[in-house]
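Listed below, chain by chain, are the residues.
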Amino acid sequence: MDLEAVRTFAAVADTGRFQEAAAELSITQQAVSRRISVLEKNLGVRLFTRTPRGAELTIDGQALLPHARELLRVAERAVASVHAGRRPLRVDVIASRGAQAGMMRGFHGAHPEIELDVLMLFEIETAVAAIRSGAIDASFRAVTAPGRPLPEDIESARVLDEPLQLLTGPGHALAGARSVTLAQLAGHRIWMPGIVPGTEWGAYYDDLVAEFGLTIEATGPNFGSDALLDTIADTPALATFMGEHTRLIWPAGHGLRRIPVTDPTPVYPHSLIWRRDNPHPALIALRDYLGSTRPHQADGKTWKPAWTKDSDVPRT
């Protein structure tokens, strides 16, 4: 059904005259008559009867009018849903307890008037495809893995270099250390069942292992953070890495230790990626927020993979 014809029908019904409807719609009276005629032909009924007082609705016209008004309201809501600034800003984060989710919580606190949809996609290819199609507005990623550059229409900006910490149970050999060096970790088993080959975080830890001779095991199913914490607490031979800004809660009896890693401090590079021509005003607000409230960066010497862009540095 032609939406403009429906709008014209409603205008004639409201004003009672073709001429007044034409003035309201800023079209000619002939155009109004033509639209009504086409609509009547398509529906197979007469909608108006011309009288000395103007145009009066027929019984069929009266039956159609409430549905026509609802159709116009639905059309208005559809337009408003994609109007710049009207729809929620859709942002992808890797995990609900990580630094990325924390940055989005901070943004929401600073801009409660901006409606957000926060979701979790898995692979970077899925996130990039969703950004390019308009399904989401932005994603937090480690930019990309080696040999897989971002498409030309995707832009990125580093928003945080997050220091890694060692998480151990109370019986681990390093549990009492105030800090540990990467050299001290050689020979210790670091268990990270969440590492998936082919992901950008998989590439990150592959480079960390190659650079410092670490032993990172990704064996066994990934039952989530609670199962990981239980295992680390109960297994003195195992430790794991976690980001400094990762928010995890465990039972007091676990006795887990979060130990800074130094000389150098491995940092995980979080970047925001988005489509260059995305006009959503809230995306600009998010980028400005991330640039102005960048969380604390690691002091001293740090390490990150060589494939991380040198030019893609944390924003100031």
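Sequence positions are assigned chain by chain, starting from 1 and proceeding in written order. Since the coordinates come from a predicted model, pLDDT governs what is reported: local features require at least 70, and pairs of side-chain atoms require 80 or more to be given and counted, while whole-chain, interface and lining totals use all residues. Computation of side-chain values covers all heavy atoms of the structure but excludes hydrogens and water.

Enquirer: Give a description of the overall build of the chain that names residues and reports values.
Expert: Each helix corresponds to a stretch of at least 4 residues labelled H or I by DSSP, and each strand to a stretch of at least 2 residues labelled E; elements are numbered beginning at the N terminus. Helix and strand content of the chain: 10 helices and 13 strands. Radius of gyration means the value over C-alpha atoms here, while the globule rule gives 2.2 Å times the residue count to the 0.38 power. A compact globule built from 316 residues should have a C-alpha radius of gyration of about 20 Å, whereas the chain, at 30 Å, is more than 25% larger. With respect to the principal axes defined by its C-alpha atoms, the chain has extents near 100 × 40 × 35 Å. Three exposure classes are used, based on accessible area relative to the maximum for each residue type with a 1.4 Å probe and protein chains only: buried under 20%, partly exposed in between, and exposed over 50%. The burial tally for the chain puts 44% of its 316 residues in the buried class. Note on contacts: a residue pair is in contact if any heavy atoms of the two residues lie within 4.5 Å. Considering only intrachain contacts with a sequence separation of at least 6, the fraction spanning at least 24 residues in the chain is 74%. Accessible surface is estimated by sampling points in the Shrake-Rupley manner with a 1.4 Å probe; for residues, cover comes only from the protein chains shown. For the chain, the accessible area works out to roughly 16,200 Å², and carbon and sulfur atoms hold 53% of it. Between the averaged position of the 33 positive side-chain charges in the chain and that of its 37 negative side-chain charges there is a distance of 5 Å. This count recognises Lys and Arg as positive and Asp and Glu as negative, with His and chain-terminal groups excluded. Taken as the charge location is NZ of Lys, CZ of Arg, CG of Asp or CD of Glu.

Enquirer: How would you explain the nonpolar core if you had to name every residue and give the values?
Expert: The criterion is simple. A nonpolar core is a set of buried Ala, Val, Leu, Ile, Met, Phe, Trp, Tyr and Cys residues joined through side-chain atoms within 4.5 Å. Among the nonpolar cores identified, the biggest contains 24 residues, and L166, L185, Y205 and F241 are the most heavily contacted of them. Those elements that place two or more of their residues in this core are strand 6 (154–168), helix 7 (182–185), helix 8 (200–212), strand 10 (238–243) and strand 11 (257–262). Examining the composition of this core, we find that 5 residues originate from one element, helix 8, more than from any other. Formed by 22 residues, the second largest nonpolar core is a distinct cluster that contains F140, A157, L272 and Y289.

Enquirer: Just give me the short version of the pattern of salt bridges, but keep the residues and values in it.
Expert: The working definition used for a salt bridge is a side-chain nitrogen of Lys or Arg within 4 Å of a carboxyl oxygen of Asp or Glu. Considering all chains together, one arrives at 17 salt bridges under this definition. Linking R141 and D92 is a salt bridge whose minimum nitrogen-to-oxygen distance equals 2.9 Å. Linking R141 in strand 5 (residues 138–141) with D92 in strand 3 (residues 89–92), this pair joins segments that are 49 residues apart in sequence. The salt bridge involving D277 is made with R275; its shortest N-O contact spans 2.6 Å. Several salt bridges share partner residues, and in doing so they unite E4, R7 and R35 into one network.

Enquirer: Provide a residue-level description of the layout of surface pockets, including the pertinent values.
Expert: Using only the protein atoms, space was sampled on a 1 Å grid; points where a 1.4 Å probe fits but cannot get out form cavities, open sets with protein on both sides within 12 Å along at least five of seven lines form pockets, and lining residues are those with an atom within 4 Å of a point. Grid points are joined across faces, edges and corners, and a volume is the space filled by probe spheres set on the points. Taken as a whole, the largest pocket encloses approximately 950 Å³ of empty space. Along the wall of the largest pocket there are 32 residues; nearest its centre are I94, A95, M192, G194 and T246. Elements with a minimum of two residues in the lining of the largest pocket: helix 5 (99–110), strand 6, helix 8, helix 9 (225–234), strand 10 and strand 12 (265–275). Top contributing element to the lining of the largest pocket by residue count: strand 10, with 4 residues. Under the scheme applied, nonpolar residues are Ala, Val, Leu, Ile, Met, Phe, Trp, Tyr, Cys and Pro; charged residues are Asp, Glu, Lys and Arg; polar residues are all the others, including Gly. Here the lining of the largest pocket is built from residues that sort into 18 nonpolar, 11 polar and 3 charged.

Enquirer: Mind laying out the environment of Q62, listing which residues take part and the relevant values?
Expert: Of note, Q62 is situated in helix 4 (residues 59–82). Taking the relative accessible area as the measure of exposure, Q62 reaches 49% and is therefore partly exposed. Sequence separation between Q62 and F48 is 14 residues; the distance between their C-alpha atoms is 9.2 Å.

Enquirer: Pulling in residues and values, what's your account of the pairing of strand 2 (residues 54–57)?
Expert: Pairing between strands requires that DSSP locate at least two bridges from one strand to the other. One ladder, built from 4 bridges, connects strand 1 (residues 48–51) with strand 2; its direction is antiparallel. What sits directly across from T49, in strand 2, is E56. The hairpin formed by strand 1 and strand 2 contains 2 residues between the paired strands.

Enquirer: So what's going on with helix 8? Residues and values would help.
Expert: Between its first and last C-alpha, helix 8 extends 19 Å over 13 residues, near the 18 Å set by a 1.5 Å rise per residue. Here helix 8 has its buried residues at E200, W201, G202, A203, Y204, Y205 and L208. The first or second residue beyond helix 8 is G213, which carries a positive phi of 65°. A helix is expected to span 1.5 Å multiplied by its residue count minus one.

Enquirer: Pulling in residues and values, what's your account of the side chain of T199?
Expert: Its location among the elements puts T199 in the loop between strand 8 (189–191) and helix 8. Within the structure, T199 has its side chain in polar contact with the backbone nitrogen of G202 (distance 3.0 Å). Two N or O atoms form a polar contact when they lie within 3.5 Å of each other; inside protein one atom must be a possible hydrogen donor and the other a possible acceptor, and for residues adjacent in sequence the pair counts only when both atoms belong to side chains.

Enquirer: For the packing of aromatic side chains, give the residues involved together with the corresponding values.
Expert: Note on ring pairs: Phe, Tyr and Trp rings are taken, using the six-membered ring of Trp, and paired if centres are within 6.5 Å. Classes follow the plane angle, with under 30 degrees stacked, over 60 edge-to-face and the rest tilted. Considering all chains together, one arrives at 9 aromatic pairs under this definition. Note on F122 and W201: the rings are 5.4 Å apart at their centroids and 85° apart in plane angle, and the pair reads as edge-to-face. Of this pair, F122 sits in the loop between strand 4 (116–119) and helix 6 (124–133) while W201 sits in helix 8, placing them 79 residues apart in sequence. Looking at W201, the relative accessible area reads 12%, which means it is buried. Taken together, a centroid distance of 5.0 Å and an interplanar angle of 85° make the contact between Y204 and Y205 edge-to-face. Of the two residues examined, Y204 and Y205, each falls in the buried class.

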